[in-house]
Amino acid sequence: YWPPDDTGNHAIRLVDFSKNTVSTIIGSGDNGGIIKGKNLDIKDVDLSSPSDLEFYPDKNHIVIANSGSNQILSYDIKNSKISVIAGDGSLGKKDGK
């Protein structure tokens, strides 16, 4: 199965190989809608088909491609907060100037 994520479960999970555990850090399993705002508590956010992630700009933040809502999110690991950094939910196929 590729990609190795929980896109269809609308979640981001943490695998701890030393403890042989898997835990959900973001997402309830329900397909969320458009996310609005900054510094939202992760318990209040339902993801929508997260398809990729990357540490950025440092190891304390994860950027998430939330494909179902056409948005890029930033997860502040230390504070357990989510912020929208790009996208308003529209598909955005129209070219600009």
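The structure this text deals with has already been given above.
If you're wondering where the values come from, they're calculated on a predicted model, not measured in any experiment.

## Comments concerning the overall build of the protein
- What the protein contains, in helices and strands, is 0 helices and 7 strands.
- Across the protein, helices and strands are ordered from the amino to the carboxyl terminus as β-β-β-β-β-β-β.
- Evaluated residue by residue, the protein yields a buried proportion of 29% over its 97 residues.
- In the protein, the proportion of contacts linking residues at least 24 apart, taken out of those at least 6 apart, comes to 29%.
- Working note: accessible area of the protein is about 6,700 Å², and carbon and sulfur atoms make up 52% of it.

## Some remarks on the environment of Ser69
- Here Ser69 shows up in the loop between β5 (61-66) and β6 (71-76).
- In this structure, the C-alpha to C-alpha distance between Ser69 and Gly89, residues 20 residues apart in sequence, is 5.0 Å.
- Filtering out sequence-adjacent residues up to four positions away, Ser69 remains in contact with Gly33, Ile34, Ser48 and Gly89.
- Within the structure, Ser69 has its side chain in polar contact with the side chain of Gln71 (distance 2.8 Å).

## Focus on the environment of Gly87
- Along the polypeptide, Gly87 turns up in the segment after β7 (81-86).
- Separated by 21 residues in the primary sequence, Gly87 and Asn66 place their C-alpha atoms 9.7 Å from one another.
- Among all residues touching Gly87, those that are not within four sequence positions of it are Asn70 and Gln71.

## So, the nonpolar core
- Listed in full, the 12 residues of the largest apolar core are Ile12, Ile26, Ile35, Ile42, Val45, Leu47, Ile62, Ile64, Leu73, Tyr75, Ile82 and Val84.
- What Ile42 contacts, discounting residues up to four positions off in sequence, is Ile25, Ile26, Tyr75, Ser80, Lys81 and Ile82.

Scoring rules and cut-offs
Residues numbered from 1 in each chain as written. Predicted model: local features only at pLDDT ≥ 70, side-chain atom pairs only at ≥ 80, totals over all residues. Heavy atoms only, no water. Helix = DSSP H or I, 4+ residues; strand = E, 2+ residues; numbered from the N terminus. Buried < 20%, exposed > 50% of the residue type's maximum accessible area, 1.4 Å probe, protein only. Contact = heavy atoms within 4.5 Å. Areas by Shrake-Rupley, 256 points an atom, 1.4 Å probe, with all protein chains shown as cover. Polar contact = N/O pair within 3.5 Å; in protein donor to acceptor, adjacent residues only side chain to side chain. Core = buried A, V, L, I, M, F, W, Y, C linked by side-chain atoms within 4.5 Å.

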